[in-house]
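Working through the structure, step by step
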Amino acid sequence: MNAPALRRVAVLSDIHGVLPALEAVLAEPELAAAERIVLTGDVTAGPQPAEVLALLRKQGERVLWISGNADRELVEYRRGERTRIPDPIGPYAADQLADEDVEFLASLPLTRTLAVEGLGDVLFCHATPRDDEEVVLVDSRPDRWTEVLADLPESVRTVVCGHTHMPYVRLAHGRLIVNPGSVGMPYGRPGAHWCLLGPGTDLRVTPYDVPGAVARLVTECGYPGIAEWADCYLGARVTDGEALEAFGPRDGRQVGQAGHTCQVGQTGPVRP
């Protein structure tokens, strides 16, 4: 007998080790009332990875985990399977994790499917259902969506993904595509972005004290570039236009400035 559909599911994506942003979202009454919290990856690659893991694991079995490409990179780095991580803060984050944390991250699945009232079978993933670092955007062309959705069962009518740090809801070949945006590293506007599912889709942003959070990270995190990193990413200094321009070539489109990446200070290129 199939389990009954869930009435309300909260989705948090791309927390990237930003504990103050996560704490702000977890304090939201509607998140506290949700039956499940689904994490669509990139939980740890940031300034406070161990603290974020510990807080989320305290939430118990209500939290359902999915691996993201940045989580995978930390695991591979710690296991000696790679010698560098594209994000400058990545090696620092990897070194903050206990061995048990690394093994936990390594065990996470790439996708999960849940039945949600009003939405049917919902597949949760990090980037796309078939890959943890493919790029799809709100304006990706129809044939790109044909590629990334090709192997899904017909019963899956909604796909929830993260990875690009910008919230959107759109239709693609009759399926609803939802991106909740990023809790810890938003592009376009500050705040901790997330969403509620059931019976519809409700994109949310939780305001919090960004200057205070930056100051806290400077005090609590030992990463040498933390002041600039926190100001850039918590302050959403990367605009949605810059991010779309940087990511556009990666969804296969033809653009005038293919390969362009935008930079803010010395934080490094924009990447999911």
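Preceding this paragraph is the structure being described.
Residues numbered from 1 in each chain as written. Predicted model: local features only at pLDDT ≥ 70, side-chain atom pairs only at ≥ 80, totals over all residues. Heavy atoms only, no water.

**Examining the overall build of the protein**
Put simply, the rule reads: Strands here mean DSSP runs of E at least two residues long; helices mean DSSP runs of H or I at least four residues long; both are numbered from the N terminus. Per-residue accessibility, obtained with a 1.4 Å probe over protein chains only, is compared with the maximum for each type, and a residue is labelled buried under 20%, exposed over 50%, and partly exposed between these values. Residue contacts are defined here by distance: any two heavy atoms, one from each residue, within 4.5 Å place the two residues in contact. Residue-level accessible areas treat just the shown protein chains as cover; the underlying method is Shrake-Rupley with a 1.4 Å probe. Neither His nor the chain termini are counted; the positive set is Lys and Arg, and the negative set is Asp and Glu. Charge placement uses NZ in Lys and CZ in Arg. For Asp and Glu, CG and CD serve respectively.
A count of helical and extended segments in the protein gives 10 helices and 10 strands. Here the C-alpha coordinates of the protein stretch approximately 50 × 45 × 35 Å along the principal axes. Taken across its 272 residues, the protein has 53% of its residues classed as buried. Here the contacts in the protein between residues at least 6 apart in sequence split such that 67% fall between residues at least 24 apart. A total of about 11,300 Å² of accessible surface is found on the protein, and carbon and sulfur atoms cover 50% of it. Each charge class in the protein was averaged separately, 25 positive and 38 negative side chains, and the resulting centres sit 3 Å apart.

**A few points about the nonpolar core**
Cut-off, in case you're wondering: Nine residue types can take part in a nonpolar core, namely buried Ala, Val, Leu, Ile, Met, Phe, Trp, Tyr and Cys, and a core is a set of them joined through side-chain atoms within 4.5 Å.
Formed by 60 residues in total, the largest nonpolar core has its most connected members in Leu 12, Ile 15, Leu 39, Trp 65, Tyr 208, Trp 229 and Leu 234. If near-sequence neighbours (up to four positions away) are discounted, Leu 12 is found in contact with Leu 22, Val 25, Leu 31, Ile 37, Val 38, Leu 39, Thr 40, Val 183 and Trp 194. By size, the runner-up hydrophobic cluster in this structure holds 16 residues, among which are Val 116, Val 122, Leu 176 and Cys 195.

**Some thoughts on the packing of helix α1 (residues 19–26) against helix α8 (residues 210–220)**
The condition that has to hold: Inter-axis angles, ranging from 0 to 180 degrees, are taken between N-to-C directions of lines fitted to C-alpha atoms, where helices are fitted over the stretch in contact. An angle below 35 degrees is read as roughly parallel, one above 145 as roughly antiparallel, one from 65 to 115 as roughly perpendicular, and any other as oblique.
Where α1 meets α8, the axes come as close as 9 Å, and the angle between the chain directions of the two elements is 130°. By the criterion of interaxial angle, the relationship of α1 to α8 is oblique. Contact residues: α1 offers Leu 19, Pro 20 and Glu 23, while α8 offers Ala 213, Arg 216 and Leu 217.

**Concerning unusual backbone geometry**
Working note: non-glycine residues mostly have negative phi, and peptide bonds are mostly trans. Note that the residue after Gly 198, namely Pro 199, is joined by a cis bond; omega there is -5°. Tracing the chain through its elements places Pro 199 in the loop between β9 (192–197) and β10 (201–206). Here His 16, not a glycine, exhibits a phi torsion of approximately 50°, which is positive. With respect to the element layout, His 16 can be found in the loop between β1 (9–12) and α1.

**Examining helix α7 (residues 142–149)**
Put simply, the rule reads: Arc definition: it is the arc formed by the directions from the helix axis to the C-beta atoms.
Buried residues of α7: Arg 144, Trp 145, Val 148 and Leu 149, and no others. Looking straight down α7, one finds that the buried residues subtend no more than 120° of arc, so they occupy a single side. Turning to α7, the residues buried within the fold contact β6 (156–160), β7 (168–172) and β8 (175–179).

**Observations concerning the side chain of Thr 128**
The criterion, for reference: Under the rule applied, a polar contact is a pair of N or O atoms within 3.5 Å (in protein, one hydrogen donor and one hydrogen acceptor; residues adjacent in sequence only if both atoms are side-chain atoms).
Note on placement: Thr 128 falls in the loop between β5 (120–125) and α7. When its relative accessible area of 3% is taken as the criterion, Thr 128 is described as buried. Within the structure, Thr 128 has its side chain in polar contact with the side chain of Glu 134 (distance 2.6 Å). Discounting chain neighbours no more than four positions away, the residues touching Thr 128 are Glu 134, Val 136 and Val 148.

**Describing the sheet that holds strand β2 (residues 36–40)**
Using the following cut-off: Any two strands are treated as partners once DSSP identifies two or more bridges connecting them.
The sheet built from 5 strands is open, its strands ordered β3-β2-β1-β9-β10 with mixed pairing. Looking at which strands have only one partner, the edges of the open sheet turn out to be β3 (63–66) and β10. The mean inter-strand angle of the sheet, taken between neighbouring strand axes irrespective of direction, is 25°. Two elements, β1 and β9, share 3 bridges in a ladder whose sense is antiparallel. By the bridge assignment for β9, Ala 10 is matched with Leu 196. In the packing of α1 onto the sheet, contacts are made with β1, β2, β9 and β10, and the angle to β9 comes to roughly 35°.

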